[in-house]
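Report on the structure
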Amino acid sequence: MHLLEFILGAIFILPVELSTTKNSTYTNPMLPGWHSDPSCIFVAEENNSFFCATSSFLTFPGMPIYTSKDLVNWRLGSHVFSRPSQVPQIGNTTVQNGGLWATTIRYHDGIFYAIVSYTPESPFIVTGFIFTTTDPYNDNAWSDPLVFPLIDIDPNLFWDDDGTTYIQFSGIHQQTIDLETGILGPASIIWTGFTKYIPEGPRMYKKDGYYYLMIGEGGTELGHHEAIARSANIWGPYEGYSGNPILTATNTTQYFQTVGHADLFQDASGNWWGSALATRSGPAWENYPMGRETVLFPVIWNEGEWPVLQPLRGHMNGWQLPLQTRAIPGSGPFVEDPDVIDFPPGSAIPPHFLYWRFPPEDAFAVSPQGHPNTLQLRPSKSNLTSSAPLTTIEELSLIMRVQTDTLFSFSIDVVSFEPKLQEEEVGVTAFLTQTQHLDLGIVLLPKSNSGSEGGANLAPHLRFRVTNVPALKGDFSGSLPTIIKPLPESWLNAPIRLQIDAVNETHHAFSAASSTDSWGNELIGIAPATILSGGDGEFTGTLVGVYATSNGGAGTTESYISRWRYQGKGQDINNGTFVPYTPFVE
């Protein structure tokens, strides 16, 4: 089935309890692009604002917090993890899907709490971290963490009426925690779940005299779903709901699949909503380069009854939404805004830019002396590719942003790059992990018909290459040849534009041009987006950005880029319309 058929065919039928005269229509995903494992809350004391936290795994800064007043316009509020000293383990994590899993955000007595699990995945040793702040719009305001051991992943925080603090985590285990010392009480399994298969992502709510325990099950794949149980005692026994699962796309033809890892929250009017993760893949679950995204659905939760979670669709009708506004504080841009970034003097690296682990010291500088309106990149010795799994730590000169659109154009201008040693390179990448990425670079290589590595016989080339480690459980099986072309001499005295375009739902195209003739783009390579789906990056999603490397050599030549542009184009997956695709230039 074509993508538009999924979206346009997803007609949401409202139950009788929701009056159609008062509902508002909105579209999913709520947070497009890789925003997995969401946790969301409503805080009346913060001007009736909503806050959502998502996973960050190996990206830094990590643990992003998004904020909104209307559930439609979402802005990056802050990153909980913005100082390497907070979680230094990230710099030593070699497994590509290790790192910080599933942040839960909560608010209690005027304080915001963010709890998360860290795991290198192999060996599976889990550590818990709790961060606090009274200012969720400021990276620096988040505390250093309270660190404690965990039995399993996906911790949740819950305060009972008597002030006792509990954590629940996958299993489904529960124990008390002292938030001053980190001392834990004995852990007990309080529910094994509906299917008893991979019970995880627990949420605890107290309502109408019951403790409601909602969990994800089935793994974050096509069998993913939510189930719920309740008890009059927080330690149980818990009675599972006869209507489980309460949310799933399993065994359907819906475009949004893998739905689960949900959280429930209210708005200022007392209406209930839910957030969850989902992939825009359809039941084939083969092509989903943006990975797991955050979606929104209305919930009916009548007194003394079980919550009713509305089935997830692209177009939805829900409760009356708050008035739309972009008057929202925060450190970063709105999620769906384009990038128009020229790195002027005195500016900082934009807060939504991300690194893979911690970058090398002094890898990036904005408008360094003699190079105004540029971003300077110092090359890392390692390139983006690694074996699976990594056996040594590799720092990367790599800076990216999340792909937030099915169709998009991303480009940068290489303003200055004068490589001196073979294999010095600067380029653009569509990156899922170090084992799955697509790259187009300007690289110094021997001239044609020259076997010499001497400087006089080296020349800049354009090189497109694909990394897709075959041993992984990826969704693309095969190989694509590396493409190398000499850089036209006429391009050498002007900035060179490198560009990535998602030309349709399934393929990314890589092109280059002299900036003096940007409409004369030369297509260098094209690759299926299935390379950026699943495999080692099953938990994450595609990022696009810029890298610089000596490819293992001794090169140290800086490169300078500018005119960073990202723009969603063409088919609007959120509302099912189609706009003719045009490559983004200005």
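Keep in mind the model is a prediction, meaning the values are calculated, not measured.

This part is about the sheet that holds strand β13 (residues 173-176). Strands sit in the order β11-β12-β13-β14 across an open sheet of four strands; the sheet is antiparallel. In the strand order of this sheet, the two ends are held by β11 (156-159) and β14 (188-189), each with one partner. Relative to β13, strand β12 (residues 165-169) is paired through four bridges, and the arrangement is antiparallel. Looking across to β13, one finds that Phe 169 is bridged to His 173.

Here we come to the nonpolar core. Judged by nonpolar contacts, the single largest core of 94 residues is most densely connected at Phe 410, Ile 412, Ile 442, Leu 498, Val 546, Ile 561 and Trp 564. Considering every element that reaches this core, the biggest residue donor is strand β8 (residues 111-119), with six residues. Residue-level mapping places this core at the junction of two domains, with at least three residues from each of domain 1 (24-325) and domain 2 (339-447 + 457-580). In contact with Ile 412, other than residues within four places in its own chain, are Val 428, Ile 496, Arg 497, Leu 498, Val 546, Ile 561, Ser 562, Arg 563 and Trp 564. Counting 41 residues, the second-largest nonpolar core is a separate cluster that includes Leu 31, Tyr 205, Ile 300 and Met 316.

This part covers the packing of aromatic side chains. Under the criterion given, the structure shown has 31 aromatic pairs. A ring pair is formed by Phe 51 and Phe 112, whose centres lie 5.0 Å apart and whose planes are at 65 degrees; its orientation type is edge-to-face. One end of the pair, Phe 51, is in strand β3 (residues 49-53); the other, Phe 112, is in strand β8, with 61 residues separating them in the sequence. As far as the burial class goes, Phe 51 and Phe 112 line up, both buried. Judged by centre distance (5.1 Å) and plane angle (70 degrees), the rings of Trp 356 and Phe 431 are edge-to-face. Linking Trp 356 in strand β26 (residues 355-356) with Phe 431 in strand β31 (residues 425-433), this pair joins segments that are 75 residues apart in sequence. For the pair Trp 356 and Phe 431, a shared accessibility class is recorded, and that class is buried. Through pairs of rings, three or more aromatic residues link up here, namely Tyr 205, Tyr 210, Tyr 212, Tyr 241, Trp 272, Trp 301 and Trp 306. Looking at Arg 230, its charged tip hangs above the ring of Tyr 210, at a distance of 4.1 Å from the centre. Stacked on the ring of Trp 306, the Lys or Arg Arg 230 has its end atom at 4.5 Å from the ring centre.

What follows covers the pattern of salt bridges. Considering all chains together, one arrives at 17 salt bridges under this definition. Among the salt bridges present, the one from Lys 206 reaches Asp 161, with a minimum N-O distance of 2.9 Å. Of this pair, Lys 206 sits in strand β15 (residues 200-207) while Asp 161 sits in the loop between β11 and β12, placing them 45 residues apart in sequence. For Lys 206, a relative accessible area of 37% gives the class partly exposed. The class for Asp 161 is exposed, based on a relative accessible area of 66%. A salt bridge links Asp 339 to Arg 401, with the nearest nitrogen and oxygen atoms 2.9 Å apart. Pair noted here: Asp 339 is in strand β25 (residues 339-341) and Arg 401 is in strand β29 (residues 397-402), with a separation of 62 residues, a long-range link. When sorted by exposure, Asp 339 lands in the same class as Arg 401, which is buried. A network of salt bridges, in which partner residues are shared, links Glu 423, Glu 425, Arg 463 and Arg 465.

Attention shifts here to the pairing of strand β21 (residues 272-280). In terms of residue burial, β21 counts as a mostly covered element, since nine of its nine residues are buried. Across seven bridges, the pairing between strand β20 (residues 256-266) and β21 is antiparallel. Within β21, the residue paired with Phe 265 across the bridge is Trp 273. Remark: five residues form the turn of the hairpin made by β20 and β21, two consecutive strands paired antiparallel; Gly 270 in that turn has positive phi of roughly 90 degrees. Taken together, the seven bridges between β21 and strand β22 (residues 293-300) define a ladder with antiparallel strand orientation. Bridge pairing links Trp 272 to Val 299 in β22.

Attention shifts here to unusual backbone geometry. Here the bond from Gly 171 into Ile 172 is cis, since omega is 5 degrees, no more than 30 degrees from zero. For Ile 172, the location among the structural elements is in the loop between β12 and β13. Cis peptide bonds are those with omega within 30 degrees of zero, and the linkage from Gly 236 to Pro 237 qualifies with 10 degrees. Turning to its location among the elements, Pro 237 is positioned in the loop between β17 (225-231) and β18 (239-240). A positive phi angle is found at Phe 57, which is not glycine, with a value near 50 degrees. Mapped onto the secondary structure, Phe 57 falls in the loop between β3 and β4 (59-60). Residue classification places Phe 57 among the buried positions, given a relative accessible area of 2%.

A few words on the state of the cysteines. Enumeration over the complete set of coordinates arrives at one disulfide. With a sulfur-sulfur separation of 2.0 Å, Cys 40 is cross-linked through a disulfide to Cys 52. Across the S-S bond of Cys 40 and Cys 52 the torsion is about 110 degrees, and the bridge reads as right-handed. Residue Cys 40 is located in strand β2 (residues 39-43), and its partner Cys 52 is located in strand β3; the two are separated by 12 residues in the primary sequence. The class of Cys 40 is buried, set by a relative accessible area of 1%. The exposure class of Cys 52 is buried, given its relative accessible area of 0%.

Our focus in this paragraph is the confidence of the model for the protein. For the protein, mean pLDDT is 90; residues scoring 70 or higher make up 89% of the total. pLDDT under 50 marks residues 1-22. Its contacts with residues more than four places away, or in other chains, come to 43 contacts. A low-confidence stretch, residues 571-586 (pLDDT under 50), is modelled with 51 contacts involving residues beyond four sequence positions or located in other chains.

What follows deals with empty space enclosed by the protein. Rolled over the atoms, a probe with the dimensions of a water molecule shows which regions are left empty. In total, this model carries three cavities of 30 Å³ or more according to the counting rule given. Computed from the structure, the largest cavity encloses a volume of approximately 270 Å³. Around the largest cavity, the lining comprises 22 residues; the ones closest to its centre are His 35, Tyr 66, His 352, Leu 354 and Val 402. Within the residue set of the lining of the largest cavity, elements represented by two or more residues are β5 (62-68), β6 (75-81) and β29. Classifying every residue of the lining of the largest cavity by side-chain character gives 11 nonpolar, eight polar and three charged. Counting the residues that make up the lining of the largest cavity, at least three belong to each of domain 1 (24-325) and domain 2 (339-447 + 457-580).

The rules behind the values
- Residues numbered from 1 in each chain as written.
- Predicted model: local features only at pLDDT ≥ 70, side-chain atom pairs only at ≥ 80, totals over all residues.
- Heavy atoms only, no water.
- Pairing = 2+ DSSP bridges.
- Helix = DSSP H or I, 4+ residues; strand = E, 2+ residues; numbered from the N terminus.
- Core = buried A, V, L, I, M, F, W, Y, C linked by side-chain atoms within 4.5 Å.
- Buried < 20%, exposed > 50% of the residue type's maximum accessible area, 1.4 Å probe, protein only.
- Domains from an automatic or database assignment.
- Contact = heavy atoms within 4.5 Å.
- Phe/Tyr/Trp six-rings, centres within 6.5 Å; stacked < 30°, edge-to-face > 60°.
- Lys NZ or Arg CZ within 6 Å of the ring centre and 35° of its normal.
- Salt bridge = Lys/Arg side-chain N within 4 Å of Asp/Glu carboxyl O.
- Disulfide = S-S within 2.5 Å.
- pLDDT = per-residue confidence, 0-100.
- 1 Å grid on protein atoms, 1.4 Å probe; cavity = no way out; pocket = protein on both sides within 12 Å on 5 of 7 lines; lining within 4 Å.
- Points joined across faces, edges and corners; volume = space filled by probe spheres on them.
- Nonpolar A, V, L, I, M, F, W, Y, C, P; charged D, E, K, R; others polar.

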